[in-house]
There are 2 protein chains.
Amino acid sequence: MRAHGTDGGVAQAVFRRFNALRPLSDEDTAALEHAILEGLLRAGPGEDLITEGDRIDSVRLVLSGWLFRHKTLEDGRRQIVNFILPGETCDSHAYLLSTIDHSITAATPVAYADIKRVRFEQLMAANRTLAEAFMCETLLSSAIQREWVINLGRRAAFERVAHLFCEIFERLRPVGMVDGNSCALPVTQMDLADATGLSVVHLNRTIQELRASGLIVLKDRTLTISDLEALKNAAMYSPNYLQLYRAK
Amino acid sequence: MRAHGTDGGVAQAVFRRFNALRPLSDEDTAALEHAILEGLLRAGPGEDLITEGDRIDSVRLVLSGWLFRHKTLEDGRRQIVNFILPGETCDSHAYLLSTIDHSITAATPVAYADIKRVRFEQLMAANRTLAEAFMCETLLSSAIQREWVINLGRRAAFERVAHLFCEIFERLRPVGMVDGNSCALPVTQMDLADATGLSVVHLNRTIQELRASGLIVLKDRTLTISDLEALKNAAMYSPNYLQLYRAK
DNA sequence: GCTGCCCATTAGCTTATGTTAAAGCGGTCG
DNA sequence: CGACCGCTTTAACATAAGCTAATGGGCAGC
């Protein structure tokens, strides 16, 4: 039947990712899988999973599809502060806070598992490895957030977009969502603009530049990175922050 | 003698902050205070507490002084990704990751407590409230990081600097480090520029503008906010993300 | 097969911010 | 006391990125 996380089970991406954070025993895997299968849900593109100001009472794991976290200023300026990719977690532990400071919206059709707080806390209490893996998930998401700060603060548009593409590729790779040197990029240029702090027009100009320099091909929502090392150089990409942590 | 956290004990700021996150019982307070007093240390301005790539094996609590987290690109461009203010924590739980993705440097003379991992884990295991408070500390720091992303991505220089000043003021307030409508701002304009993603020259221009508009006085490393509400309006400051969380 | 809509693209112009350089302004060290 | 040093401030100029507007392409619905 469903081998734990090794074949096409619905939660394959989650298991791959967690195993990169902390090697999971069969028992860990089974416990997590149980919790996941109890709360399977779906959302369509544009649907909000969480709106700024909401209270949260569960933890969600993305099984497939893309979402993004975003914040909006009074006058409508929007910033995407992160993408949430298959295998990643929305706000583990965030139920500890009174309300959430940002919104989460599906960019594509999404399948996710909703684990209620009580259930989640049982799982954490009963299983040290899983607790550590979820903690790493939270820490890693912070590390990404910090990298976005330097991306927005100190990289020029060309480097910035190049960096985003490198990061997305490297985040999709461990969950098996890349195919050779290509991956899906199922978001509009407006979304990419809001993620990089650029205007749509300038984002488009920048993408044309990236194309012209032969670093990428972007067509039909598929990103192909012709030469990843070259793209990383152009982006001044530092691999450290994304490292998946085998060792304790 | 030293009343727990209410008088001038060295860890006053820490206790004030933790109490805002989770009300601490006398027992909680005593346990935390013990751990703090075992590992008191100091650092001078410019001293690195952690350098990108280090392994971490302890948790540090800032008792007094300012530090900043920063990352630097190959070519020297530097971005301060956050300040660490009195009462705040450097990287609780970060020992779970293999290496750290950024550096932490003292901006002023700093007094801090260094709690070794093993000790910290004992404390967490023995004391649920403290564990939750440390978790909130981590989550709150993520929320701040997200706000910095929108600050850098979508606010213009004037709003951006105004926002930083509002945030710093609101972070210093609960630990008793503001005096009326003034607080210390013990960093150079170069640091502020690196925190806001601006050039020093433009940061200076922006500060002149803020002065000219009567919103702030900045002199001798002291920031005075003439009208906090007006400054918040100018910054499109949204208070939600910093809320200190009484309620579960 | 036309209409409308969303998204990508391009052009022309405006502006915020960066860059370089120089001067002012305390401190402090010798 | 004078020279240096780190920091702030100002000026003049350069440029990356924003804004507005128009066009084009693909796709869905009528």
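Quick caveat, the model's predicted, so the values are computed rather than measured.

Considering the sheet that holds strand β1 (residues 40-43) of chain A
All names here are of chain A.
Piece 1. Strand order in the open sheet formed by four strands is β1-β8-β3-β6, and the pairing between neighbours is antiparallel. If you trace the sheet from one side to the other, it starts and ends with β1 and β6 (89-90), each paired once.
Piece 2. Relative to strand β8 (residues 110-116), β1 runs antiparallel, the two being bridged by four bridges. Of the residues in β8, the one forming a bridge with A43 is V110.
Piece 3. Across the sheet, helix α3 (residues 117-126) touches β3 (58-64) and β8, and the angle it forms with β8 is around 75°.

Some remarks on the nonpolar core
Piece 1. Formed by 82 residues in total, the largest nonpolar core has its most connected members in F83(A), F165(A), F83(B) and F165(B).
Piece 2. Aside from chain neighbours lying at most four places away, what touches F165(B) is L185(B), L192(B), I207(B), L210(B), I216(B), L218(B), L223(B), I225(B) and L231(B).

Some thoughts on the packing of helix α5 (residues 157-172) of chain A against helix α7 (residues 200-212) of chain A
Helix-helix packing: each pair is described by the crossing angle between the helix axes and the interaxial distance.
All names here are of chain A.
Piece 1. Close contact between α5 and α7 brings their axes to 9 Å; oriented N to C, the two are set at 75°. Looking at the two axes, α5 sits roughly perpendicular to α7. Seen from α5, the contacting residues are A157, F158, V161, A162 and F165; seen from α7, they are H202, L203, T206, I207, E209 and L210.
Piece 2. Looking at the contact of α5 with α7 residue by residue, the classes come out as eight nonpolar, two polar and one charged.

Concerning the UniProt feature "domain: HTH crp-type" (unreviewed entry) in chain A
Piece 1. Annotation from UniProt places "domain: HTH crp-type" (unreviewed entry) at residues 155-229 of chain A.
Piece 2. Annotation note: span residues 155-229 of chain A, helix share 52%, strand share 17%, distance between end C-alpha atoms 18 Å.

A look at the protein's contact with DNA strand C
Piece 1. Close to DNA strand C lie 16 residues; Q189(A), N204(A), A157(B), S199(B) and R205(B) are nearest.
Piece 2. In DNA strand C, the atoms that sit within 4 Å of the protein are 64% sugar and phosphate, with bases accounting for the remainder.
Piece 3. A distance of 3.2 Å is found between a phosphate oxygen of DNA strand C and a side-chain nitrogen or oxygen belonging to R211(A).
Piece 4. Interatomic distance of 3.4 Å between a backbone N/O atom of G197(B) and a phosphate oxygen of DNA strand C.
Piece 5. Secondary-structure elements contributing two or more residues to the surface near DNA strand C are α7 of chain A together with α7 (200-212) of chain B.

Rules and cut-offs
Residues numbered from 1 in each chain as written. Chains lettered and ligands numbered in written order. Predicted model: local features only at pLDDT ≥ 70, side-chain atom pairs only at ≥ 80, totals over all residues. Heavy atoms only, no water. Pairing = 2+ DSSP bridges. Helix = DSSP H or I, 4+ residues; strand = E, 2+ residues; numbered from the N terminus. Contact = heavy atoms within 4.5 Å. Axes fitted to C-alpha atoms, helices over the stretch in contact; angles between N-to-C directions. Core = buried A, V, L, I, M, F, W, Y, C linked by side-chain atoms within 4.5 Å. Buried < 20%, exposed > 50% of the residue type's maximum accessible area, 1.4 Å probe, protein only. Parallel < 35°, antiparallel > 145°, perpendicular 65-115°, else oblique. Nonpolar A, V, L, I, M, F, W, Y, C, P; charged D, E, K, R; others polar. UniProt positions renumbered as here; feature names shortened; annotations may be inferred. Near = heavy atom within 4 Å. Polar contact = N/O pair within 3.5 Å; in protein donor to acceptor, adjacent residues only side chain to side chain.

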